[in-house]
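Structural features, examined
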Amino acid sequence: MKLLLATKNKHKVEEMRALLSDLAQVEVVSAADFPGVEEPEETGETFEDNARLKARYYAEVTGLTALADDSGLVVDALDGRPGVMSSRYGADDAARIARLLEELRDTHDAQRTARFECAMVLVRPGAGGDAAATRGTLEGSIAREARGTNGFGYDPVFHLPARGLRLAELSSDEKNAVSHRGNALREMVKALREMVG
Ligand code: ITT
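Below is a summary of the structure that appears in this document. (Residues numbered from 1 in each chain as written. Predicted model: local features only at pLDDT ≥ 70, side-chain atom pairs only at ≥ 80, totals over all residues. Heavy atoms only, no water.)

Observations regarding the overall build of the protein
Going by this rule: Helical segments are the DSSP runs of H or I of at least four residues, strand segments are the runs of E of at least two, and each set is numbered from the N terminus. In this treatment the radius of gyration is a C-alpha quantity, and the globule benchmark scales as 2.2 Å times the residue count to the 0.38 power. Type-normalised accessible area, obtained with a 1.4 Å probe on protein chains alone, sets the label of each residue: buried when under 20%, exposed when over 50%, and partly exposed for intermediate values. Contact between two residues is taken to exist if any of their heavy atoms lie within 4.5 Å; hydrogens are not considered. When charges are counted, neither His nor the chain ends are considered; positive counts come from Lys and Arg and negative counts from Asp and Glu. Charge placement uses NZ in Lys and CZ in Arg. For Asp and Glu, CG and CD serve respectively.
Counting its regular elements, the protein contains 5 helices and 7 strands. In sequence order, the secondary structure elements of the protein are arranged as β-α-β-α-β-α-β-β-β-β-α-α. Taken over the C-alpha trace, the protein has a radius of gyration of 17 Å; the compact-globule value for 197 residues is 16 Å, and the two agree within 12%. A total of 197 residues make up the protein; the buried ones form 47% of that total. Looking at the protein alone, contacts between residues at least 24 apart form 62% of all its contacts between residues at least 6 apart. Seen as two clouds, the 26 positive and the 33 negative side-chain charges of the protein have centres 1 Å apart.

What to know about the environment of Gly153
Checked against the element boundaries, Gly153 lands in the loop between strand S5 (132-142) and strand S6 (158-160). Residue classification places Gly153 among the buried positions, given a relative accessible area of 12%. Each C-alpha atom of the pair Gly153 and Met120 lies 18 Å from the other, and the pair is 33 residues apart in sequence. Discounting chain neighbours no more than four positions away, the residues touching Gly153 are Asp93 and Ile97.

Focus: the pairing of strand S2 (residues 27-30)
Note the threshold: Strand pairing is assigned whenever DSSP identifies at least 2 bridges connecting the two strands. A crossover gets the label right-handed when its path from the first strand over the helix to the second runs clockwise, viewed with the strands pointing away from the viewer.
Looking at chain direction, strand S1 (residues 2-5) and S2 are connected through 4 bridges and run parallel. Bridge pairing in S2 links Lys2 to Glu27. Handedness of the crossover is the feature at issue here: the chain leaves S1, passes through helix H1 (residues 10-20), returns alongside S2, and the resulting connection is right-handed.

Details of the nonpolar core
Across soluble globular proteins, you tend to see nonpolar side chains buried next to one another. Put simply, the test is: Working definition of a nonpolar core: buried Ala, Val, Leu, Ile, Met, Phe, Trp, Tyr and Cys residues. They are joined through side-chain atoms within 4.5 Å.
Judged by nonpolar contacts, the single largest core of 18 residues is most densely connected at Leu3, Leu5, Leu20, Leu67, Met120, Leu185 and Met188. Secondary-structure elements contributing two or more residues to this core are S1, H1, strand S4 (113-123) and helix H5 (180-196). Apart from residues lying up to four places away in sequence, Met120 is in contact with Met16, Ala51, Leu67, Ala68, Asp69, Ala132, Ala133, Thr134, Arg181, Ala184, Leu185 and Met188.

Description of the packing of aromatic side chains
Note the threshold: For Phe, Tyr and Trp, where Trp contributes only its six-membered ring, two rings pair if their centres lie within 6.5 Å, and the inter-plane angle classes them as stacked under 30 degrees, edge-to-face over 60, or tilted in between.
Evaluation of the coordinates by the stated rule reveals 2 aromatic pairs. Judged by centre distance (5.0 Å) and plane angle (85°), the rings of Tyr57 and Tyr58 are edge-to-face. Each ring, one from Phe116 and one from Phe158, has its centre 4.5 Å from the other, and the planes form 40°; the classification is tilted. Residue Phe116 is located in strand S4, and its partner Phe158 is located in strand S6; the two are separated by 42 residues in the primary sequence. Assessed through its relative accessible area of 5%, Phe116 is described here as buried.

Looking at the environment of Ala91
In this fold, Ala91 is placed in the loop between strand S3 (65-75) and helix H3 (93-103). Under the relative-accessibility criterion, Ala91 is labelled exposed at 77%.

Remarks on the environment of Leu20
In this fold, Leu20 is placed in helix H1. The exposure class assigned to Leu20 is buried, which follows from its relative accessible area of 1%. Between the alpha carbons of Leu20 and Leu3 there is a distance of 10.0 Å; along the sequence they are 17 residues apart. With sequence-adjacent residues up to four places away left out, Leu20 is seen in contact with Leu3, Leu5, Val28, Leu185, Val189 and Leu192.

Considerations on the sheet that holds S1
Selection rule: Helix axes use the C-alpha atoms of the stretch in contact, all axes being lines fitted to C-alpha atoms, and the angles between their N-to-C directions lie in the range 0 to 180 degrees.
With respect to topology, 7 strands assemble into an open sheet ordered S2-S1-S3-S4-S5-S6-S7, the strand pairing being mixed. Edge positions in the sheet fall to S2 and strand S7 (165-166), since each has one partner strand and no second. Against the sheet, H1 contacts S1, S2, S3 and S4, and its axis sits at roughly 120° relative to S3. Where helix H2 (residues 47-62) meets the sheet, its contacts fall on S1, S3, S4 and S5, and the angle it forms with S3 comes to roughly 155°.

Structural data, given as structure tokens:
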């Protein structure tokens, strides 16, 4: 079976490929392999809405079974922002992190709790509904300064209290073992195994 990862985010593709590599019957491609295909506009109000929208769009356009991730950072002191706006919170990762830290400047350490959330939806071409939908979360807090060079996005300011480290200080395997995306994808792998038999 050919499975299309419905994203052009190369970091997501790398993380997802690592966890899908056990599925010998599944050949993984991504939206980046279809440079002529425009990205859909993410108009949903929830991570799940946007994941479904991306999976349906790419399944229809490519004719392949499509797996979409929609994810983001939910900060309690900011009423859940940046949330579904996480990738649009600034021009690049540095600007997004700078905006987040500025907005939390006067927020005390105990109030800086946050989580990464991920919704994944699997869609088969021509099918009406979802073939599967899963979720994953990762709890942590927002540090006052960036640290670490691994991962992407908000990882350098996402502090893991249990480890005393930023997410960007974990190796990719360590991140996948605990992350929102890893947790959602491990559930999704169960559905994929049933599908390929
Ligand atoms: P696609 O829509 O093509 O999948 P995207 O990067 O635009 O790529 P999203 O709309 O799902 O993806 O936005 C996710 C954003 O949330 C991402 O750009 C980061 O800013 C943030 N994010 C999600 N997962 C993250 C992670 O594991 N580490 C750090 N930041 C993350």
